[in-house]
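# Structure assessment
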Amino acid sequence: MFRRTTIIALVVFTFIAAVGTGWWMTRTPSVPAISIRHAPLVRTLQFSARVATSSRVDIGSTLTGRVISVEVLEGAQVKKGDLLIRLESDELKAVLEQALANEQQASAKLSGLRSTGRTAAQSAVAQANSVLLASQADFQRTKALVEKEFLSEARLDEAKRALAVAQAQLASAQAQRVANTDQGTDIAQAQAQLALASSATTAAKARLAQATLTSPADARILNRLVEPGQIVQPGRALMSLALISPMQMVAQVDERNLDQLQVGQTATALADAYPNQRFVVKIQSISPLVNAQRGAIEVKFSHLQELPTFLREDMTLSIEVETARRDRTLVVPVSALRGNSSTNTVMVQIEREGRVEERKIRLGLRTLGAVEVLEGLSEGDLVLIGATPKPGNRVHADTSAMATSLLRKAEDAGSAMTNAIGR
């Protein structure tokens, strides 16, 4: 009896196992699926940027000297010409005084040549001329007396020498008179000495002016790098200034995204320190050069509205640029694409009458998580997600809330393409 019962049990177990195996082999697999529908699709780029003014200036000294005083603090607003740093200047003042004295001396000499010098030269010419006339008369008388043998030949030679001396004195006086004219050599030499003294005065004034460093334009003090008592030398930056100008936002963007950017595009920006205060900016310029080491290109943004007061130089910002938008289009998640998804035409698998069907589609706008379908699908088609049976096999499309959430996540992920390049 026991043996018969055992045989019956084995037969029943074998039958149940065969039925279970047959059910397992013939059951319809359930695969997550999404019902394709029209939805908005937005593509954006996000990257870091920094706040910068259009121009910065480093203030330095052209002299070697000791700092007497620093007149401004970091963060201060200064006007053009405001005093920033004062250097030791006693020696420079003494050099200037000496140059001024030399200039006055040269000027006095020139004035003297043009006034009393010319008068003295005229008098000397007149005196030499009268002496020459007297010498000529004495020579003629002596010559006549010698011819009558009243005087000796020696007396005639003496009168001849006196006449030659008088002629030479007249020529010298006349040359001195010419030298004292405006085109004369004495006046020219005095003018050159005056010009040299004036140049020395100008140079001394310039060096004295270099002892006081002033602001070249309206600016804000960014960095103060010197204190009173320090010895400074040419070439060293003593203070950094940001010239007052409209603020810009500068970002380094991956060159692979260059085709999505163009001048004039609007974007939203927020400071990492103030994440709830967004403001609108636009692309002002795109650099013509690519940074070969980083593979990035510089993009500058300007403001479209009044900038927040909390912005500071070099502050980090997050900028989001909307590069493309579809207000209503067929959207499919990237995870549904089969084969090489980098091409414009790819394959997807859909559920049609309970079986897997492969469909070729043409793509449009792409984001990281979703793509636009231009051809190949219609609204309501059930697109299979993940691993699926081969085309023609039976399948059950699971459109439960969990499966549908895949598309929602894909749309959320695909709404922004993140470019994680830092400053």
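Since the model is a prediction, treat every value here as computed from it, not as a measurement.

In terms of regular secondary structure, the protein chain is built from 5 helices and 21 strands. Within the span of the protein chain, comprising 423 residues, buried residues form 35% of the whole. For the protein chain, long-range pairs separated by at least 24 residues make up 75% of all intrachain contacts whose partners lie at least 6 apart in sequence.

For the rest of this paragraph, the subject is the pairing of strand E17 (residues 355-366). Summarising the sheet, strand E16 (residues 345-352) and E17 pair through 8 bridges and their orientation is antiparallel. Bridge pairing in E17 links Ile350 to Glu357. Hairpin connection between E16 and E17: a loop of 2 residues separates the two successive antiparallel strands, and Glu353 in this loop has a positive phi of roughly 55 degrees. Across 3 bridges, E17 lies against strand E18 (residues 370-375) in antiparallel orientation. Looking at E18, one finds that Arg366 is bridged to Val371. Connecting E17 to the next strand, E18, in antiparallel fashion are 3 residues.

Per-residue confidence for the protein chain averages 77 on the pLDDT scale, and 77% of its residues sit at or above 70. Predicted confidence is poor over residues 410-423, with pLDDT under 50, and the contacts of this stretch with residues over four places away or in other chains come to 55 contacts.

Before going further, it helps to spend a moment on the sheet that holds strand E3 (residues 56-60). The sheet built from 4 strands is open, its strands ordered E3-E10-E8-E5 with antiparallel pairing. Looking at strand neighbours, the two that pair on one side only are E3 and strand E5 (77-78), the edges of this open sheet. Relative to strand E10 (residues 237-243), E3 runs antiparallel, the two sharing 5 bridges. Pairing of Val57 across the sheet is with Leu241, part of E10.

What follows deals with the nonpolar core. Phe47, Phe301, Leu311 and Ile319 are the most contacted members of the largest nonpolar core, which has 25 residues in total. If you look at the next biggest cluster of nonpolar residues, it comprises 20 residues, including Val67, Leu92, Val232 and Met239.

Strand pairing in a sheet takes place through backbone hydrogen bonds and is either antiparallel or parallel in direction. The strand order across the open sheet built from 4 strands is E7-E6-E4-E9, with neighbouring strands paired in antiparallel fashion. Both outer strands of the open sheet, strand E7 (212-214) and strand E9 (231-232), are each paired with one neighbouring strand and no more. Bridging between strand E6 (residues 83-87) and E7 involves 3 bridges; their strand directions are antiparallel. Within the sheet, the bridge partner assigned to Leu83 lies in E7 and is Thr214.

As a further point, take the pattern of salt bridges. Summed over the entire model, instances satisfying the criterion amount to 9 salt bridges. Ionic pairing is found between Arg325 and Asp327, a salt bridge with its closest N-O pair at 3.9 Å. For Asp327, a relative accessible area of 60% puts it in the exposed group. Here Arg326 ties to Glu372 by a salt bridge, and the two come within 3.1 Å at their closest N and O atoms.

Each value, and the rule that gives it
- Residues numbered from 1 in each chain as written.
- Predicted model: local features only at pLDDT ≥ 70, side-chain atom pairs only at ≥ 80, totals over all residues.
- Heavy atoms only, no water.
- Helix = DSSP H or I, 4+ residues; strand = E, 2+ residues; numbered from the N terminus.
- Buried < 20%, exposed > 50% of the residue type's maximum accessible area, 1.4 Å probe, protein only.
- Contact = heavy atoms within 4.5 Å.
- Pairing = 2+ DSSP bridges.
- pLDDT = per-residue confidence, 0-100.
- Core = buried A, V, L, I, M, F, W, Y, C linked by side-chain atoms within 4.5 Å.
- Salt bridge = Lys/Arg side-chain N within 4 Å of Asp/Glu carboxyl O.

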